[in-house]
Amino acid sequence: MPKARKQPRPVGNSPYSRPNTAAKEATSKAVNNVFCMNTDLGQHILKNPGVAQAIVDKAGLKQSDVVLEVGPGTGNLTVKILDQARKVIAVEMDPRMAAELTKRVQGTPEQNRLEILLGDVIKTELPYFDVCISNTPYQISSPLVFKLLTLSPAPRTCVLMFQREFAMRVVARPGDALYCRLSVNAQMWAKCTHIMKVGKNNFKPPPQVESSVIRIEPKNPRPPISYDEWDGLLRVVFVRKNKTIAAGFKSRAVMELVERNYRTWCAANNVKLEGDDSEADAIGTGEEVEMEVDEDGMGAVKKLKIKAGRRSRSRVGEKVKGLVETVLAETELREKRAGKCDEADFLKLLYAFNQQGIHFS
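Residues numbered from 1 in each chain as written. Predicted model: local features only at pLDDT ≥ 70, side-chain atom pairs only at ≥ 80, totals over all residues. Heavy atoms only, no water.

Chemist: Lay out the overall build of the chain in plain terms, naming residues and giving numbers.
Modeler: What the chain contains, in helices and strands, is twelve helices and eleven strands. Residues counted as buried form 45% of the 361 residues belonging to the chain. For the chain, the proportion of contacts with a sequence separation of at least 24, taken over those separated by at least 6, is 69%. (Helix = DSSP H or I, 4+ residues; strand = E, 2+ residues; numbered from the N terminus. Buried < 20%, exposed > 50% of the residue type's maximum accessible area, 1.4 Å probe, protein only. Contact = heavy atoms within 4.5 Å.)

Chemist: So what's going on with the sheet that holds strand 7 (residues 190-198)? Residues and values would help.
Modeler: The seven strands lie next to each other as 4-3-2-5-6-9-7, forming an open sheet whose pairing is mixed. Edge positions in the sheet fall to strand 4 (114-118) and strand 7, since each has one partner strand and no second. Here the strands of the sheet are splayed against their neighbours by 20 degrees on average, with no regard to which way each runs. Running over the sheet, helix 2 (residues 49-58) touches strand 5 (131-135), strand 6 (157-163), strand 7 and strand 9 (211-218) and is turned about 165 degrees from strand 7. (Pairing = 2+ DSSP bridges. Axes fitted to C-alpha atoms, helices over the stretch in contact; angles between N-to-C directions.)

Chemist: Please give an account of the pattern of salt bridges that cites residues and values.
Modeler: A full pass over the atoms with the stated rule returns 14 salt bridges. For the salt bridge of Arg96 with Asp94, the shortest nitrogen-to-oxygen distance reads 2.8 Å. Given a relative accessible area of 30%, Arg96 falls into the partly exposed group. Across the pair Asp231 and Arg235 runs a salt bridge whose closest N-O atoms are separated by 3.1 Å. Remark: Arg235 and Asp231 occur in helix 8 (residues 227-237); sequence separation between them is four residues, near one turn of the helix. Arg235 gets classed as partly exposed once you look at its relative accessible area, which sits at 21%. (Salt bridge = Lys/Arg side-chain N within 4 Å of Asp/Glu carboxyl O.)

Chemist: Describe the packing of helix 11 (residues 315-330) against helix 12 (residues 343-355), naming the residues involved and giving the relevant values.
Modeler: It is the contact of helix 11 with helix 12, at a shortest axis distance of 10 Å, that shows an interaxial angle of 145 degrees. The crossing of helix 11 and helix 12 is right-handed. Contacts between helix 11 and helix 12 involve Val324, Val327 and Leu328 on the former and, on the latter, Leu349, Ala352 and Phe353. Of the residues belonging to the contact of helix 11 with helix 12, the class tally is six nonpolar, no polar and no charged. (Left-handed = near helix turned anticlockwise from the far one by under 90°. Nonpolar A, V, L, I, M, F, W, Y, C, P; charged D, E, K, R; others polar.)

Chemist: Can you break down helix 12 residue by residue, with the values?
Modeler: Residues lying three or four places apart along an α-helix face the same way, a consequence of the helix completing one turn every 3.6 residues. A rise of 1.5 Å per residue sets the reference length of helix 12, with its 13 residues, at 18 Å; its end C-alpha atoms lie 18 Å apart and thus fit the reference within 8%. Listed in full, the buried residues belonging to helix 12 are Asp345, Phe346, Leu349, Leu350, Ala352 and Phe353. Projected down its long axis, helix 12 carries its buried residues within an arc of 165 degrees, all on one side. Away from the buried face of helix 12 by more than 90 degrees, exposed residues Tyr351 and Gln355 are located. Check the buried side of helix 12 and you find it contacts helix 7 (181-189), helix 8, helix 9 (245-248) and helix 11. A distance of 3.2 Å separates the backbone nitrogen of Ala344 from a side-chain oxygen at the start of helix 12, and that oxygen is part of Asp342. Trailing helix 12 by a residue or two, Gly357 shows a phi angle of about 85 degrees, which is positive. (Expected span 1.5 Å × (residues − 1). Arc of directions from axis to C-beta. Polar contact = N/O pair within 3.5 Å; in protein donor to acceptor, adjacent residues only side chain to side chain.)

Chemist: Lay out the UniProt feature "binding site: S-adenosyl-L-methionine" (unreviewed entry) in the chain in plain terms, naming residues and giving numbers.
Modeler: Per the UniProt entry, the sites bearing "binding site: S-adenosyl-L-methionine" (unreviewed entry) are His44, Leu46, Gly71, Glu92, Asp120 and Asn135 in this numbering. Relative to the helices and strands, Asp120 resides in the loop between strand 4 and strand 5. Within the secondary structure, Asn135 is located in strand 5. If we ignore the near neighbours within four places in the chain, the residues touching Asn135 are His44, Leu46, Val70, Gly71, Leu77, Met161 and Phe203. At a separation of 3.1 Å, a polar atom in the side chain of Asn135 contacts the main-chain carbonyl oxygen of His44. (UniProt positions renumbered as here; feature names shortened; annotations may be inferred.)

Chemist: Before we move on, could you go through the nonpolar core and cite the residues and values that matter?
Modeler: A general feature of soluble globular proteins is that nonpolar side chains tend to end up buried together. Membership of the largest hydrophobic core comes to 68 residues, with the highest contact counts inside it found for Ile216, Val237, Phe249, Phe346, Leu349, Phe353 and Phe360. Both of domain 1 (40-218) and domain 2 (227-272 + 291-356) provide at least three residues apiece to this core. For Phe353, the residues in contact, after removing those within four places along its chain, are Leu233, Phe249, Val324, Val327, Leu328, Ile358 and Phe360. Core analysis: the next-biggest nonpolar cluster, separate from the first, contains 26 residues, Leu46, Leu61, Leu82 and Phe203 among them. (Core = buried A, V, L, I, M, F, W, Y, C linked by side-chain atoms within 4.5 Å. Domains from an automatic or database assignment.)

Have a look at this one:
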């Protein structure tokens with residue numbers, strides 16, 4: 001009896017055809033790639049609803065508040081903020097996340113109370129807001145803090161999640177191992193409080209480090225000093241925080257900068273400089289000199305380049321050096337280390353330098 005022929009397997013789109021495994025995997029991968037978190041942009045979505053609610057509750061929102069949210073991601077924090085505030089302005093850099101957030105509120109009453117700004121929050125001109133809440137992308141932590149501190153009008157409060165070490169630097173006190181320029185700057189312009197710790201398993205994907213939430217409440221009224229002047233002094237004294245303040249002023253780059261600023265101040269105030277240098281020896285006509293500055297105390301040293309001439313031995317250069325020595329002696333801060341100084345010490349130092357015509361901005 002002849003054998004029955006094998007029927008050919010159905011191919012193509014037949015309902016009886018076997019699934020194409022390779023095509024299925026490719027499709028699945030393509031779908032997953034749409035929602036793949038870009039950790040280079042600091043995308044670690046807060047997945048714990050309890051933590052999200054606690055962060056919003058700590059902000060003390062009013063129904064009339066406009067809230068700025070930095071890096072909303074898929075909107076786990078956003079929807080909880082919308083429950084308590086009048087409006088949310090969300091600044092998102094990733095168009096995929098912005099689209100996902102838009103879909104999440106589409107067709108709901110919250111749709112008209114959410115405004116999404118696509119772009120880099122550091123470079124974006126921000127509209128007015130009352131409160132800032134952020135699961136902050138870690139690589140913009142320092143620039144975001146400094147931007148919020150210099151806003152006018154200042155927000156009422158900011159509740160921000162950061163990498164644990166960075167957060168503890170913001171709230172560190174004089175003498176603490178983590179005390180740095182960031183600590184002094186933040187606490188000069190705001191009251192800074194640690195709120196809660198957040199473990200890395202509360203995120204998807206989990207970051208490599210633990211996180212903390214802090215509250216920054218800008219002082220109102222603001223301290224009556226120039227931010228640039230204040231920050232300029234801190235850049236100098238925190239070049240090496242564990243060395244004496246006097247040692248910081250022995251740096252060639254620092255003294256060239258101080259002398260140049262002194263010349264500018266004299267010119268603006270019609271103060272005649274005795275024994276002024278010739279044009280060939282003037283500050284800023286020579287080689288570039290680098291001054292290292294630890295921007296946020298996290299070890300990321302930034303090199304600032306300034307124009308410097310030959311080491312000045314003119315009367316002007318010697319006078320500036322003498323003024324610096326006088327200020328350090330009169331304030332009794334010559335042998336003190338920046339890591340041990342408090343806000344009052346730095347204010348005293350800045351005031352004494354300004355009285356001598358020495359400025360840092």
